[in-house]
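Overview (structure and organization)
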Amino acid sequence: MEAKSRLKLPRSYSPYLDVRETEVAIKLIKDSFQRKLSKALNLQRVSAPLMVNAHTGLNDNLNGVEKPVSFTSKDGSQVEIVQSLAKWKREALHRYGFLPGEGIYTDMNAIRPDEVVDNLHSFYVDQWDWEIVITEAERNLPFLKRVVRKIYRIIRDTERDICKRFPSLPGPFLPSRIHFIHSEELQKMYPDLSPKEREDAVVKTFGAVFIIGIGYPLKDGLPHDGRAADYDDWITITEKGYHGLNGDIIVYYPLLDQAVELSSMGIRVNSKSLLEQLEFRGELHKKDLPYHKRLLSGELPLTMGGGIGQSRLCMIFLRKVHIGEVQASVWPQETMEECLAAGIPML
């Protein structure tokens, strides 16, 4: 089975914290991290939906092939469980009257039924989704990097705090600085590797990287990873002639000896880049959806935002080897049996 082939089982594993200690630590991490994030980026917490009307265009299509969980309500409306809140947040900033330099964050809970589950991936997704209003002068790579550094500093600070609070955990391993690299530069460094293999290779060198430019095809005709056409700006040309005002924070995780993506973020499309990206993807029909009409008319503010994986952070901070140790979800029976045999306690 594909899930079995992707599952990594350590030869010898014993959790550093038991289940009750783990639950205490999870709450500490979440309380601390969101408090620091809110202060650093001037964010106000807001409530967010678990579902949206399908006709609005607010749901995230991710790579464009994932099918959301949906149902028909008694009044005949087609309703979809969110896959992320990338577009909903931008509309919320407009409706709530936020100004440049102000922003929001929320607990985003999503269901992604097409996910191939493994040590890092689950059908259930929990993130801190955040979004800030920016100015036209801030739609550039230097501004994106400044925000990335702020978020990475919070990640490092939280790791140190948790290691002090729970002495049984190994000490901090994240490097003091995050390294920036464009996906096209990364391809030149490792031309014979797949995008995932490139990530594993580069984080073993730098420890933590922000890979810029996710969504636009590279020299081989394929993007480093998929991005929908209607939220992150991946088509604008920036420094060195590369495309993209977005990217991913990825760190090296020694317990699994691989790269772990902790956050995806970016400066969002404006009316120009939205049309260019929709046309590039052959999706110009979406410009007639309610959300896209408001964006194209200039009604919605310019924004930057992203998502930060809550369970992913808890997993690496608490030195777990499977995301099921820090979140309650549904797993194939085969996965449950293999984890049990390997001494991995699933919640």
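Here, the structure is the one placed above.
Residues numbered from 1 in each chain as written. Predicted model: local features only at pLDDT ≥ 70, side-chain atom pairs only at ≥ 80, totals over all residues. Heavy atoms only, no water.

**Describing a nonpolar patch on the surface**
Cut-off, in case you're wondering: For patches, a residue must show more than 30% relative accessible area and have no salt bridge; joins then use 9 Å for like charges and 5 Å for nonpolar side chains, namely Val, Leu, Ile, Met, Phe, Trp and Tyr. Method for areas: the Shrake-Rupley scheme with a 1.4 Å probe, in which residue coverage is limited to the protein chains shown. We define a salt bridge as a contact between a side-chain nitrogen of Lys or Arg and a carboxyl oxygen of Asp or Glu at a distance within 4 Å. Each helix corresponds to a stretch of at least 4 residues labelled H or I by DSSP, and each strand to a stretch of at least 2 residues labelled E; elements are numbered beginning at the N terminus.
Residues Leu50, Met51 and Phe71 make up a contiguous nonpolar surface patch of about 260 Å² in total accessible area. By the element assignment, Met51 lies in strand β2 (residues 51-53).

**Digging into the sheet that holds strand β8 (residues 208-212)**
Put simply, the rule is: The pairing criterion is simple: DSSP has to find at least two bridges between the two strands. Orientation is described by axes fitted as lines to C-alpha atoms, over the contacting stretch for helices, and by angles from 0 to 180 degrees between their N-to-C directions.
Taken in spatial order, the eight strands of this open sheet run β1-β5-β6-β11-β10-β9-β8-β7, and their pairing is mixed. Both edges of this open sheet fall to β1 (43-45) and β7 (179-182), since each of them pairs with a single strand only. For this sheet, the mean angle separating the axes of adjacent strands, direction not counted, is 30 degrees. As judged from the four bridges shared by β7 and β8, these two strands associate in the parallel manner.

**Notes on the packing of aromatic side chains**
To be explicit about the condition: A pair of aromatic rings is counted whenever rings of Phe, Tyr or Trp (Trp by its six-membered ring) have centres within 6.5 Å, and the orientation is called stacked for planes under 30 degrees apart, edge-to-face for over 60 and tilted otherwise. Whether a charge lies above a ring is judged from NZ of Lys or CZ of Arg, which has to be within 6 Å of the ring centre and within 35 degrees of the ring normal.
Using the criterion set out here, one finds six aromatic pairs in the structure. Between Phe173 and Tyr253, the aromatic rings sit 6.0 Å apart at their centres with planes inclined by 45 degrees, giving tilted as the arrangement. Here Phe173, found in the loop between α4 (141-165) and β7, pairs with Tyr253, found in strand β9 (residues 246-253); they are 80 residues apart in sequence, far enough to count as distant. Here a set of aromatic residues connected by ring pairs shows up, and it is made of Tyr216, Trp234 and Phe280. Across the ring face of Phe180, the terminal group of Lys145 is positioned such that the distance to the ring centre comes to 5.3 Å. Lying across the ring of Phe166, Arg165 places its NZ or CZ 4.8 Å from the centre.

**Let's talk about the side chain of Gln310**
The criterion, for reference: A 1.4 Å probe rolled over the protein chains alone gives each residue an accessible area, and that area as a share of the maximum for its type sets the label: buried under 20%, exposed over 50%, partly exposed in between. In this analysis, two residues are considered to be in contact whenever any of their non-hydrogen atoms come within 4.5 Å of each other.
Assignment of secondary structure puts Gln310 in helix α9 (residues 310-317). Given the relative accessible area of 4%, Gln310 is considered buried. In contact with Gln310, other than residues within four places in its own chain, are Lys30, Asp107, Asp126, Gln127 and Trp128.

**Focus: a positive patch on the surface**
Put simply, the rule is: The convention is simple: Lys and Arg are positive, Asp and Glu are negative, and His and the chain ends are not counted. Note that the charge is assigned to NZ on lysines, CZ on arginines, CG on aspartates and CD on glutamates.
Taken together, the side chains of Arg146, Arg149, Lys150, Arg153 and Arg177 make up a positively charged region of the molecular surface. Note on placement: Arg149 falls in helix α4.

**Focus: the side chain of Gln327**
Rule in force here: N or O atoms closer than or at 3.5 Å make up a polar contact, with two conditions inside protein: a donor-capable atom paired with an acceptor-capable one, and, for residues adjacent in sequence, both atoms drawn from side chains.
Structurally, Gln327 can be placed in the loop between α9 and α10 (333-341). On the basis of relative accessible area, Gln327 is assigned to the buried category, the value being 3%. Polar contacts involving the side chain of Gln327 include one to the side chain of Ser122, which spans 2.7 Å. Within the structure, Gln327 has its side chain in polar contact with the side chain of Ser311 (distance 3.1 Å). Those residues within four positions of Gln327 in sequence are excluded, and the remaining contacts are Ser122, Tyr124, Asp126, Ser311 and Leu347.

**Quick look at the nonpolar core**
For the record, the criterion: Among the buried residues, those of types Ala, Val, Leu, Ile, Met, Phe, Trp, Tyr and Cys that are joined through side-chain atoms within 4.5 Å form a nonpolar core.
With 60 residues, the main nonpolar core has Leu37, Trp130, Ile151, Phe210, Met265, Met304 and Leu318 as its most contacted residues. Within the residue set of this core, elements represented by two or more residues are α2 (19-41), β6 (124-133), α4, β8, β9, β10 (258-267), β11 (303-309) and α9. Here Met304 is in contact with Trp130, Glu131, Ile132, Ile134, Phe143, Leu144, Val147, Met265, Gly266, Ile267 and Arg268, once residues within four sequence places are set aside. Grouped together as the second largest cluster of nonpolar side chains are 23 residues, Val46, Val52, Leu58 and Ala92 included.

**Regarding the pairing of β11**
In terms of burial, β11 is largely enclosed, as seven of its seven residues are buried. Of the two faces of β11, the one holding Thr303, Gly305, Gly307 and Gly309 and the one holding Met304, Gly306 and Ile308 are both buried throughout. Across five bridges, the pairing between β10 and β11 is antiparallel. Bridge pairing in β11 places Gly266 opposite Gly305.

**A look at the pairing of β10**
With eight of 10 residues buried, β10 lies mostly within the body of the structure. As defined by bridge partners, β9 adjoins β10 across eight bridges and the pair is classed as antiparallel. Within β10, the residue paired with Val251 across the bridge is Val260. Hairpin connection, β9 to β10: the antiparallel pair is bridged by four residues, and Asp257 has positive phi, about 55 degrees.

**Brief notes about the environment of Leu144**
Tracing the backbone through its elements, the reader meets Leu144 in helix α4. A relative accessible area of 0% places Leu144 in the buried class. A sequence separation of 103 residues divides Leu144 from Gly247, and the C-alpha atoms of the two residues are 9.2 Å apart. Setting aside its immediate chain neighbours within four residues, Leu144 contacts Phe210, Leu245, Asn246, Met265, Gly266, Ile267 and Met304.

**Some points on unusual backbone geometry**
One non-glycine residue, Asn42, lies in the positive phi region at around 60 degrees. Tracing the chain through its elements places Asn42 in the loop between α2 and β1. One non-glycine residue, Asp257, lies in the positive phi region at around 55 degrees. For Asp257, the location among the structural elements is in the loop between β9 and β10.

No statement about biological role is implied by the geometric values presented.
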